Amino acid sequence: MSRPTAGPGLANLEVLDATLRDLARSDPAIRVLTADSRVSGRLGPFALEFPDRVVELGIAEQNLVGVAAGLASCGMKPFVVSPACFLTARALEQIKVDVGYSGNSVRLIGISAGISYGALGASHHSIADFAALRATPGIPVVAPADNCEAEAAIRLAAAVDGPLYVRLGKRALRCVHGSASEPVAVDRATRLRTGADLGIIATGETVGIALGAATALALDGVETTVVSMPMVRPLDTATLFDVARRVRGLVVTEEHSVHGGLGEACAAALMTEGIPVRFRALGIPDEPIVNGPQLDVLAHYGIGTDPLAALARELLDRNPPRSSTL
Amino acid sequence: MTTGDDDVRADVGLAVRAARYRLDVLDLIRSAGGGHTAGSLSCVDVLTVLYERVLRISPETLRHPERDRYVQSKGHAVEALYVVLAGAGLLDRALLGTYLRFGTKLVGHATSSVPGIEQSTGALGHGLSIGVGMAIAGRQNGFGYRVFVLLGDGELAEGSVWEAAMSAAHHGLGNLVAIVDRNRHQIAGPTAEIMNSEPLAQKFAAFGWTVHEIDGHDLVQIERTLSSAPAVPGRPTVVLADTVKGSGISYMEHDIRWHHRVPDDEEYAIARRDVENRIAELRGRA
């Protein structure tokens with residue numbers, strides 16, 4: 001897939017369709033399972049090219065995941081595609097028992113994840129999926145930041161012998177990885193820019209927002225390291241620790257509840273390692289969520305170019321460079 | 001597969017083993033001081049017939065892609081499964097001594113870490129969906145295997161069972177056979193009082209399944225029914241096996257307290273006599 005550096009790219013769930021079609025041409029075991037979600041999953045082209053490889057289960061997510069487990073146990077490579085809010089909440093027990101506990105290689109693709117559905121209401125948000133799946137044995141969790149990471153995540157899911165949860169949004173995304181020729185990996189973190197003042201560890205669709213904040217901060221002379229951390233579990237602690245040791249303040253951003261997600265995971269890892277750093281975790285706070293378009297809601301909770309830059313300045317003001325404190 | 005009047009002697013052997021498995025179940029439960037006693041006894045005849053007469057599985061073909069599949073959705077009745085697997089040579093009998101011990105593979109619900117057990121269950125309402133997936137895979141791979149799923153009748157209160165039932169008929173899975181261990185009791189009382197699932201025959205028929213109602217302790221009926229499914233190609237089959245919770249042990253039958261109870265020495269001695277009498281009766285008939 002080409003790597004656009006300017007202008008909006010595709011929504012990550014469109015990358016899902018293109019990547020799955022490409023994989024399916026050489027891998028006869030690939031199946032796509034949907035819960036009346038082929039339209040919302042934009043899987044029309046896949047269904048057209050491989051009509052016999054789509055298994056429709058109707059609006060029944062528990063059965064969807066159980067059937068996928070049965071298919072996987074018989075050597076198929078099932079990709080379960082369903083809105084993240086339903087897939088990871090309603091079918092959580094099937095994910096725990098039929099996928100994780102039984103060790104079936106089910107590829108769980110949560111679409112329109114986080115607060116992608118915007119003003120449709122809290123029923124359609126998935127802001128507890130990181131927490132739920134991080135605590136479910138055997139399920140790695142990946143939240144791609146752009147089309148390149150989305151493609152890499154789907155290819156990784158097809159390649160690994162084991163389950164995987166991939167969380168995809170529905171907004172068209174700019175590429176955050178630039179035009180570097182190095183292949184994009186999602187099983188480790190990537191430093192997208194480096195600077196010694198501030199570190200921002202971001203995952204999923206908040207990575208692009210973090211890059212915007214870093215650009216704004218650079219105009220003030222604040223140099224920022226921005227890390228894309230697509231794999232929320234297991235955590236790339238080596239990159240986390242290295243960045244934390246090099247900066248004066250660290251912010252973690254995620255389109256997820258402040259409970260149980262990347263922010264808490266990073267905080268716990270840093271505390272355990274004994275790395276002191278001024279730290280903020282930004283996510284959806286523990287309160288009834290405000291309604292509105294995705295980006296407006298995120299900005300309301302501090303995950304936007306301006307509020308993130310403002311928070312960074314405040315964090316660094318309270319923690320001046322070490323040379324001046326001696 | 002021969003059944004019925006033309007092979008009475010073989011049926012006696014099978015019935016004797018099914019009787020002995022009841023004692024094996026009690027031995028297992030007594031050794032660990034816990035287990036699902038009566039619910040294991042209600043399905044032990046079905047399991048005996050499945051593993052000794054119906055399923056195309058052997059110790060050599062446990063991982064063969066074309067083997068028949070058995071999923072025990074009522075995973076709590078795992079003691080019956082363990083002893084029948086051991087009896088069929090599919091599970092190392094020495095492992096039975098580790099049941100419920102620290103670090104054991106043999107936990108109190110079916111788990112796929114035990115060789116011979118296809119899938120982990122225990123949370124109710126999961127097995128039929130897994131069976132649907134296995135049946136779809138079998139058809140798409142061009143394999144002739146069948147998939148058998150054992151459910152409890154109390155379990156049928158789980159909505160996911162009916163999601164699976166709907167999808168099995170929708171996908172025309174003639175290679176899927178569900179067996180309901182209809183012992184009409186669950187942990188807190190009679191199923192009819194806790195959550196009435198009847199009329200099951202009409203419900204499954206309305207969902208598009210072929211329905212058989214049999215005596216779940218009549219080995220010949222069990223074998224004939226399971227061996228001949230599907231009666232209608234392209235339709236999933238459900239066998240409503242009428243069973244008795246605590247079957248074969250006089251004082252346990254129909255007594256709800258035996259869902260979980262462990263027999264003491266005196267009770268065990270009575271159970272042993274019940275089983276010995278049953279075996280003598282079977283041999284006398286032969």
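Residues numbered from 1 in each chain as written. Chains lettered and ligands numbered in written order. Predicted model: local features only at pLDDT ≥ 70, side-chain atom pairs only at ≥ 80, totals over all residues.

**Here's the deal with the overall build of chain A**
Using the following cut-off: Under the scheme used here, helices are H or I runs from DSSP no shorter than 4 residues and strands are E runs no shorter than 2 residues, and both carry numbers assigned from the N terminus. With the radius of gyration taken over C-alpha atoms, the globule rule is written as 2.2 Å times the number of residues to the power 0.38. Neighbour density around each residue's C-beta defines its exposure: 20 or more other C-beta atoms within 10 Å make it buried, 12 or fewer make it exposed, and counts between make it partly exposed, where C-beta atoms are placed from the backbone. Here contacts are defined at the residue level, using C-beta atoms placed from the backbone and a cut-off of 7 Å between them.
In terms of helices and strands, chain A carries 13 helices and 12 strands. Its C-alpha atoms give chain A a radius of gyration of 19 Å, near enough to 20 Å, the size a compact globule of 326 residues would have. Projected onto the principal axes, the alpha-carbon positions of chain A cover approximately 65 × 35 × 35 Å. Burial status across chain A gives 56% buried among its 326 residues. The long-range share in chain A, meaning contacts at least 24 apart out of those at least 6 apart in sequence, stands at 79%.

**A short note on the domain arrangement of chain A**
Residue and element names in this part refer to chain A. In plain terms, the rule: Throughout the structure description, domain borders are defined by an automatic or database domain assignment. Residues are sorted three ways: Asp, Glu, Lys and Arg are charged, Ala, Val, Leu, Ile, Met, Phe, Trp, Tyr, Cys and Pro are nonpolar, and all the rest, Gly among them, are polar.
Domain boundaries assigned for chain A yield domain 1 (12-167) and domain 2 (190-315). Distance from the C-alpha centre of domain 1 to the C-alpha centre of domain 2: 26 Å. Within the residue set of the side of domain 1 that touches domain 2, elements represented by two or more residues are α6 (129-134), β5 (141-142) and α7 (147-159). Here the side of domain 1 that touches domain 2 is built from residues that sort into 14 nonpolar, five polar and three charged.

**Quick notes on the environment of arginine 134 of chain A**
Residue and element names in this part refer to chain A. Tracing the backbone shows arginine 134 in helix α6. Remark: the alpha-carbon pair of arginine 134 and arginine 233, spanning 99 residues in sequence, is separated by 6.2 Å. Residues contacting arginine 134, with those up to four places away along its chain left out, are Val141, Val232, Arg233, Gly260 and Ala265.

**Here's the deal with the UniProt feature "domain: Transketolase N-terminal" (unreviewed entry) in chain B**
The condition is simple: UniProt positions are given in the numbering used here, feature names are shortened, and annotations may be inferred rather than shown by experiment.
Mapped onto this structure's residue numbering, the UniProt feature "domain: Transketolase N-terminal" (unreviewed entry) falls at residues 21-260 of chain B. Counted over residues 21-260 of chain B, helix gives 37% and strand 14%. Its end C-alpha atoms are 18 Å apart.

**As for the sheet that holds strand β6 (residues 210-215) of chain B**
Residues and elements named next belong to chain B. Applicable threshold: Pairs of strands are assigned from DSSP output, requiring at least two bridges between the strands. In this analysis, axes come from line fits to C-alpha atoms, helices being fitted only over the stretch in contact, and the angle between any two N-to-C directions falls in the range 0 to 180 degrees.
Read from one edge to the other, the open sheet built from five strands follows the order β1-β2-β3-β7-β6, with strand pairing classed as parallel. Since the sheet does not close on itself, it has two edges, and those belong to β1 (69-72) and β6, each with one partner. Ignoring which end each strand starts from, the neighbouring axes of this sheet average 20° apart. Pairing geometry for strand β3 (residues 176-182) and strand β7 (residues 237-242), over six bridges, is parallel. Paired with isoleucine 179 across the bridge in β7 is valine 239.

**Remarks on the interface of chain A and chain B**
A common measure of how large an interface is: the accessible area buried when the components associate. Across the boundary between the two partners, chain A contributes 23 residues, which contact 20 residues of chain B. Put simply, the parts of the chain that give the side of chain A that touches chain B at least two residues each are α3 (61-73) and α5 (92-101) of chain A. A per-element tally of the side of chain A that touches chain B places α3 of chain A first, with nine residues. When its residues are assigned to classes, the side of chain A that touches chain B shows 11 nonpolar, 10 polar and two charged.

**Observations concerning the pairing of β1 of chain B**
Residues and elements named next belong to chain B. On β1, burial covers both faces: Arg69 and Val71 on one face and Tyr70 and Gln72 on the other are all buried. As paired strands, β1 and strand β2 (residues 147-152) are joined by four bridges and run parallel to one another. Looking across to β2, one finds that arginine 69 is bridged to valine 147.

**Overview of helix α5 (residues 159-170) of chain B**
How we decide: What a helix should span is 1.5 Å times the count of its residues minus one.
With 12 residues, α5 of chain B extends 17 Å from end C-alpha to end C-alpha; this agrees with the ideal 16 Å at 1.5 Å per step. Every buried residue of α5 of chain B is accounted for by Ser160, Val161, Glu163, Ala164, Ala165, Ser167, Ala168 and Ala169 of chain B. Elements that come into contact with the buried residues of α5 of chain B comprise α3 of chain A together with α4 (127-141), β2, β3 and α7 (200-206) of chain B.

**Let's talk about the sheet that holds strand β12 (residues 278-284) of chain A**
All names here are of chain A. The mixed open sheet is built from five strands, whose spatial order is β7-β9-β8-β11-β12. On the outer flanks of this sheet lie β7 (190-193) and β12, each paired with one strand and no other. Looking at each pair of strands side by side, their axes are set apart by 20° on average, direction ignored. With three bridges connecting them, β7 and strand β9 (residues 224-228) associate as antiparallel partners. Counterpart to threonine 190 in the pairing with β9 is serine 228. Taken strand by strand, helix α12 (residues 305-317) contacts β8 (198-202), β11 (249-257) and β12, and its axis lies near 145° from that of β11.

**What about the packing of α4 of chain B against α5 of chain B?**
All names here are of chain B. Going by this rule: Between 65 and 115 degrees an angle is taken as roughly perpendicular, under 35 as roughly parallel, over 145 as roughly antiparallel, and anywhere else as oblique. Left-handed describes a crossing in which the near helix is turned anticlockwise from the far one by less than a right angle; the clockwise case is right-handed.
The geometry of α4 relative to α5 is characterised by a closest axis approach of 8 Å and an angle of 25° between their N-to-C directions. Between α4 and α5, the angle is such that the two are roughly parallel. Between α4 and α5 the crossing geometry is left-handed. Touching Leu128, Ser129 and Val132 of α4 are Ser160, Val161, Ala164, Ala165, Ser167 and Ala168, all from α5. Grouping the constituent residues of the contact of α4 with α5 by class yields six nonpolar, three polar and no charged.

**Focus on the pairing of strand β3 (residues 77-83) of chain A**
Strand residues, when the strand is regular, have side chains that alternate between the two faces of the sheet. All names here are of chain A. Counting buried residues in β3 gives seven out of seven residues, a clear majority hidden from the surface. Both strand β1 (residues 30-34) and β3 contribute to a ladder of five bridges, which runs parallel. Residue pairing across strands places valine 32 opposite phenylalanine 79, the latter belonging to β3. Where β3 lies against strand β4 (residues 107-111), five bridges are found, and the strand directions are parallel. By the bridge assignment for β4, valine 81 is matched with isoleucine 109.

**A closer look at the packing of helix α8 (residues 206-219) of chain A against α12 of chain A**
All names here are of chain A. The interhelical angle for the contact between α8 and α12, taken along N-to-C directions, is 60°, at an axis separation of 8 Å. Relative to α12, the element α8 lies oblique. Judged by the twist between their axes, the crossing of α8 over α12 is right-handed. Here Ile209, Ala210, Gly212, Ala213, Ala216 and Leu217 of α8 lie close against α12, whose contacting residues are Thr305, Leu308, Ala309 and Ala312. Along the lines of polarity and charge, the residues of the contact of α8 with α12 split into eight nonpolar, two polar and no charged.

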